[in-house]
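Take a look at the letters that make up each chain.
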Amino acid sequence: MLRKMGGLILSGCLMAFSASGQAQKPATKTVVLKAARMFDGKSDELVKPGIVVVTDGRIVAAGPNATVPAEAEVIDLGDATLLPGFIDAHTHLTFAYSDDWNQSELDRLRKPIAELALDASVNARKTLLAGFTTVRDVGSREQLDVGLRNAIRNGKVPGPRMLVTVHSLGSTGGHCDGMAGFRPGLFGRESGPLDGVINGADQARYAVRLDHKYGADMIKVCATGGVLSPTDDVDTPQLTQEELNAIVDEAHALRLKTAAHAHGAEGAKRAIRAGIDSIEHGSFLDEEALRMMKQRGTYLVPTLLAPQGLQEKLDRGIYIPPAIEVKARKAIAAIRLTFQRALANGVKIGLGTDAAVYPHGRNAEEFHLMADLGMKPVEALKAGTSRDAELLGLADKIGTLEAGKLADIVAVPGDPIENIRQTEHVFFVMKEGVIYKNDRSGAPH
């Protein structure tokens, strides 16, 4: 009954919420976007000029030679670059960023579900206006991610297209056990499959089926310990091979993609052997794990903004529990080298940020963090567009600017290949033909 009441409150609040000035449904007329240059999401260079023709929320033509219909509305964005809407493969839009560790823990226990939902809608809007038109949301609670996804999809609140997990699946006392770190008996029961906590292959399959039943678009597992969890080491394996085999097999049978939070090499290798689609973080991957990923086509989603956000807290002297600070420093020291080794080994790399570990809306900084570590800027752009679209199983709909794709289009000033940090200055955002942002005056030149 409590769960049902919570769901009704969440649904009502999201339906009632309407952002002032929220974009309306696209008109049936044709809109033509023009800019000095264009990145189509798959080429190794920009084309000049950039022209994209949009009708009924879809791209009908793109490229320098695209025909501009006589009756079309033309939006000339000037000395800018048109790109596919950015994709973030690792977010937590329903989690709040906070500099106050203890207050954050208290808020998640005390805030009503309705208030958490409204907070999440603010995070979603920030993410969309930063140019991210699609995200994977890889861990939530109380079906906040499902409600937010549905509200965005139904036009109730502005935000990116969301693929959600319902719960991350993990072991008792592990990184995905939301009751870990609290005294026994506080919640009146132990965590179990309804919370995404499993022990044994049968419970693993059951938990996948529960996530699918309650609206998951994908399945996320915690194959190792984590940085921010209070009761585990960061690199220890937390699911057995049999448990991971069951999770991935069941998810793939349901045609759901899978992702594994995995800092440590052993847990990652178990997930890779099970057939996982992506390894998230990967801080301590060894050469064997990287070779396995290369051979099997397993993606790495390095989430470089997460250690960056933690480093900023450490630099500012913000309180982090001592045990977690030790883990954070260990992961920060390892992740950059691991990324460079993955790059050298030819591992597929997608863009994901772990939004909520840093303030929401800064997602585009991941582009320059990858480029700073040796990835070519154009490859970083592909990671956050076409490669992420492939990882998400949406390459037929998004990720490139070409006829037939959904009209998810952003614009940045200047040339983002010459200066990758131009991605942090998105001034135009269109999602499925709807313009959510067009503020050339706010873009630096």
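Everything discussed here concerns the structure shown above.
Presented here is a report on the structure given in the accompanying data block. Remember, it's a predicted structure, so these values are computed and weren't measured experimentally. (Residues numbered from 1 in each chain as written. Predicted model: local features only at pLDDT ≥ 70, side-chain atom pairs only at ≥ 80, totals over all residues. Heavy atoms only, no water.)

1. Examining the packing of helix 3 (residues 113–129) against helix 4 (residues 144–153)
- At a minimum axis separation of 10 Å, helix 3 and helix 4 run at an interaxial angle of 55°. Overall, the two elements helix 3 and helix 4 adopt an arrangement that is oblique. Seen along the crossing, helix 3 lies across helix 4 with a hand that is right-handed. Contacts between helix 3 and helix 4 involve Ile113, Leu116, Ala117, Ala120, Ser121 and Ala124 from the first element and Leu144, Leu148 and Ile152 from the second. (Axes fitted to C-alpha atoms, helices over the stretch in contact; angles between N-to-C directions. Helix = DSSP H or I, 4+ residues; strand = E, 2+ residues; numbered from the N terminus. Parallel < 35°, antiparallel > 145°, perpendicular 65-115°, else oblique. Left-handed = near helix turned anticlockwise from the far one by under 90°. Contact = heavy atoms within 4.5 Å.)

2. As for helix 11 (residues 365–372)
- For helix 11, the tally of buried residues reaches seven of eight residues, placing the bulk of the element in the interior.
- Taken residue by residue, helix 11 has Glu365, Glu366, Phe367, His368, Leu369, Met370 and Ala371 as its buried positions.
- Against strand 7 (86–91), strand 8 (132–137), helix 9 (305–316), helix 10 (322–344) and helix 12 (377–392) lie the buried residues of helix 11.
- Where helix 11 ends, the next residue or the one after it, Gly374, has phi of about 110°, a positive value. (Buried < 20%, exposed > 50% of the residue type's maximum accessible area, 1.4 Å probe, protein only.)

3. Considering the pattern of salt bridges
- Applying the stated criterion across every chain, the model contains 30 salt bridges.
- The shortest N-O distance in the salt bridge between Glu115 and Lys111 comes to 3.9 Å.
- On the basis of relative accessible area, Glu115 is assigned to the partly exposed category, the value being 35%.
- A salt bridge links Arg362 to Glu312; the shortest N-O distance between them is 2.8 Å. Here Arg362 is found in the loop between helix 10 and helix 11, whereas its partner Glu312 is found in helix 9, with 50 residues between them in sequence.
- A relative accessible area of 21% places Arg362 in the partly exposed class.
- The network of salt bridges with common partners includes Asp44, Glu379, Lys382 and Arg387. (Salt bridge = Lys/Arg side-chain N within 4 Å of Asp/Glu carboxyl O.)

4. Looking at the sheet that holds strand 4 (residues 58–62)
- Taken together, the four strands give an open sheet; going across it, the order is 4-3-1-5, and neighbouring strands pair in mixed fashion. Sheet topology places strand 4 and strand 5 (73–76) at the edges, where each strand pairs with a single neighbour. Across this sheet, the average inter-strand angle for adjacent strands is 25°, counted without regard to direction.
- As paired strands, strand 1 (residues 30–35) and strand 3 (residues 50–55) are joined by six bridges and run antiparallel to one another. Note on strand 3: the bridge partner recorded for Leu33 is Val52. (Pairing = 2+ DSSP bridges.)

5. Some details on the sheet that holds strand 7
- The strand order 7-8-9 describes an open sheet built from three strands, whose pairing is parallel. Strand pairing shows two members of the sheet lacking a second neighbour, strand 7 and strand 9 (161–164), which therefore form its edges. The sheet shows a mean angle of 15° between the axes of neighbouring strands, direction not considered.
- Pairing analysis gives four bridges linking strand 8 to strand 9, with the strands arranged parallel. Within strand 9, the residue paired with Arg136 across the bridge is Leu163.
- The sheet contacts of helix 12 involve strand 7, strand 8 and strand 9, and relative to strand 7 the element is tilted by about 50°.

6. Quick notes on the packing of aromatic side chains
- On inspection of all chains with the given rule, the structure shows three aromatic pairs.
- An aromatic cluster is present here, built from Phe86, Phe132 and Phe367 joined pairwise through their rings. (Phe/Tyr/Trp six-rings, centres within 6.5 Å; stacked < 30°, edge-to-face > 60°.)

7. Concerning the nonpolar core
- Counting residues in hydrophobic clusters, the biggest one holds 75 residues, and the most contacted among them are Ile219, Val221, Ile279, Phe367 and Met370.
- Per-element tally for this core: the top contributor is helix 6 (residues 241–253), with five residues.
- Residues Val31, Met38, Ala80 and Ile409 belong to the second largest nonpolar core, which totals 18 residues. (Core = buried A, V, L, I, M, F, W, Y, C linked by side-chain atoms within 4.5 Å.)

8. Quick word on the side chain of His263
- Residue position: His263 is located in strand 13 (residues 257–264).
- The exposure class of His263 is buried, given its relative accessible area of 6%.
- At a separation of 2.8 Å, a polar atom in the side chain of His263 contacts the side chain of Ser283.
- Setting aside residues up to four positions removed in sequence, His263 forms contacts with Thr224, Gly225, Gly226, Val227, Val234, His281, Gly282, Ser283, Phe284 and Leu285. (Polar contact = N/O pair within 3.5 Å; in protein donor to acceptor, adjacent residues only side chain to side chain.)

9. Quick look at the packing of helix 6 against helix 7 (residues 265–274)
- Their axes nearest at 8 Å, the elements helix 6 and helix 7 cross at an angle of 40°. Judged on the interaxial angle alone, helix 7 and helix 6 are oblique. Handedness of the crossing formed by helix 6 with helix 7: right-handed. Residues Gln241, Leu244, Asn245 and Val248 of helix 6 lie in contact with helix 7, whose contacting residues are Gly267, Arg270, Ala271, Arg273 and Ala274.
- Here the contact of helix 6 with helix 7 is composed, by residue class, of four nonpolar, three polar and two charged. (Nonpolar A, V, L, I, M, F, W, Y, C, P; charged D, E, K, R; others polar.)

10. Section: a nonpolar patch on the surface
- On the surface, Leu109, Leu186 and Phe187 cluster together into a nonpolar patch covering about 240 Å² of accessible area.
- You can call Phe187 partly exposed: its relative accessible area is 35%. (Patch = residues over 30% accessible without salt bridge, like charges linked within 9 Å, V, L, I, M, F, W, Y side chains within 5 Å. Areas by Shrake-Rupley, 256 points an atom, 1.4 Å probe, with all protein chains shown as cover.)

11. Focus on the environment of Glu379
- Take Glu379: it is sitting in helix 12.
- With near-sequence residues (within four places) excluded, Glu379 lies in contact with Asp44 and Arg387.

12. Quick word on helix 12
- An ideal rise of 1.5 Å per residue puts 22 Å on 16 residues; helix 12 measures up with 22 Å between its terminal C-alpha atoms.
- By the largest-angle criterion, Ala383 marks the main kink of helix 12, which is about 50°.
- A large share of helix 12 lies buried, amounting to 13 of its 16 residues.
- Trailing helix 12 by a residue or two, Gly393 shows a phi angle of about 75°, which is positive. (Expected span 1.5 Å × (residues − 1). Bend = angle between axes of the 7 residues up to and from the residue.)

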